[in-house]
Amino acid sequence: MDTADRFRAAVDNRDLAALDDLFTDGIRLYSPVKFTPFEGKTAVMGLFRVLLRTFEDFRYIGEHAGTAQTSADATTAPSAVLLFRASAGGKEIHGIDLLHFDDDGRIKEFTVMVRPQSAVHALGEAVLAGLTGDGAAAAPTA
């Protein structure tokens, strides 16, 4: 079973310990709801705690494997694209997870892309509420 398969199984089973084992310590996660990446395993795991509670009816529907250039250091790395469907805040979400792997097969960079814009907005509100509730983000100010 490769890393992408192990990642899918961990998400399907909502297994945070398995996810933790798949991420490098310096993982960067680029999210559609935040301009700067979530950096480091602690931040990314905090985000996944929220995401696993936030998404409804989350399911992967396809996969493509190959290589792609990373955002962080512009090197080419083994990669996988996982297509998913879900809902959050009453909005249907279509998205992809782009995973980049290090030499040991662990996930070093992760990019999430979501459509449509109304789903991105609903997801952003739900993630912020979850991160705020967990104490991982400051409450928004008026």
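Residues numbered from 1 in each chain as written. Predicted model: local features only at pLDDT ≥ 70, side-chain atom pairs only at ≥ 80, totals over all residues. Heavy atoms only, no water.

Caption draft 1: Up close: the nonpolar core. Core analysis: the biggest nonpolar cluster contains 37 residues, and Phe7, Leu19, Phe23 and Ile107 have the highest contact counts within it. Per-element tally for this core: the top contributor is helix α3 (residues 41-54), with 7 residues. (Core = buried A, V, L, I, M, F, W, Y, C linked by side-chain atoms within 4.5 Å. Buried < 20%, exposed > 50% of the residue type's maximum accessible area, 1.4 Å probe, protein only. Helix = DSSP H or I, 4+ residues; strand = E, 2+ residues; numbered from the N terminus.)

Caption draft 2: Quick look at the environment of Val112. Inspection of the secondary structure assignment puts Val112 in strand β6 (residues 107-115). What makes Val112 buried here is its relative accessible area of 15%. A C-alpha to C-alpha distance of 18 Å links Val112 and Gly130, two positions 18 residues apart in sequence. In this structure Val112 touches Leu29, Tyr30, Ser31, Pro32, Phe84, Ile96 and Asp97, once residues within four positions along its chain are discounted. (Contact = heavy atoms within 4.5 Å.)

Caption draft 3: Region of the structure containing the pairing of β6. Sheet topology places strand β1 (residues 23-30) next to β6; 4 bridges connect them, and they run parallel. By the bridge assignment, Arg28 is partnered in β6 with Glu109. Bridge count for strand β5 (residues 91-101) against β6 is 8 bridges, and the pairing is antiparallel. Note that in β6 the partner of Phe101 across the bridge is Ile107. Linking two consecutive strands that pair antiparallel, namely β5 and β6, is a turn of 5 residues; a positive phi of about 85 degrees is found at Gly105 within it. (Pairing = 2+ DSSP bridges.)

Caption draft 4: Spatial organisation of the sheet that holds β6. Read from one edge of the open sheet, 6 strands run β2-β1-β6-β5-β4-β3, paired in mixed fashion. Of all the strands in the sheet, just β2 (38-39) and β3 (56-69) have a single pairing partner and so form its edges. Summarising the sheet, strand β4 (residues 76-88) and β5 pair through 10 bridges and their orientation is antiparallel. Its bridge partner being in β5, Arg85 is matched across the sheet by His94.

Caption draft 5: Expanded view of the side chain of Thr111. Looking at the secondary structure, you find Thr111 in strand β6. Classification of Thr111 by relative accessible area gives buried; the value is 11%.

Caption draft 6: Region of the structure containing the packing of aromatic side chains. The final tally for this structure, using the stated rule, is 10 aromatic pairs. Judged by centre distance (5.1 Å) and plane angle (50 degrees), the rings of Phe55 and Phe58 are tilted. Taking relative accessible area as the criterion, Phe55 reaches 11% and is therefore assigned buried. These aromatic residues form a ring-pair network of at least three members: Phe7, Phe23, Phe48, Phe55, Phe58, Tyr60, Phe84 and Phe110. Just above the ring of Phe38 sits the side chain of Lys34; from NZ or CZ to the centre is 4.6 Å. (Phe/Tyr/Trp six-rings, centres within 6.5 Å; stacked < 30°, edge-to-face > 60°. Lys NZ or Arg CZ within 6 Å of the ring centre and 35° of its normal.)

Caption draft 7: Spatial organisation of the side chain of Thr3. Summarising the element assignment, Thr3 is placed in helix α1 (residues 3-12). Using a relative accessible area of 9% as the deciding quantity, one classes Thr3 as buried. Ignoring anything within four residues of it in the chain, the contact list for Thr3 reads Leu22, Phe101, Gly105 and Ile107.

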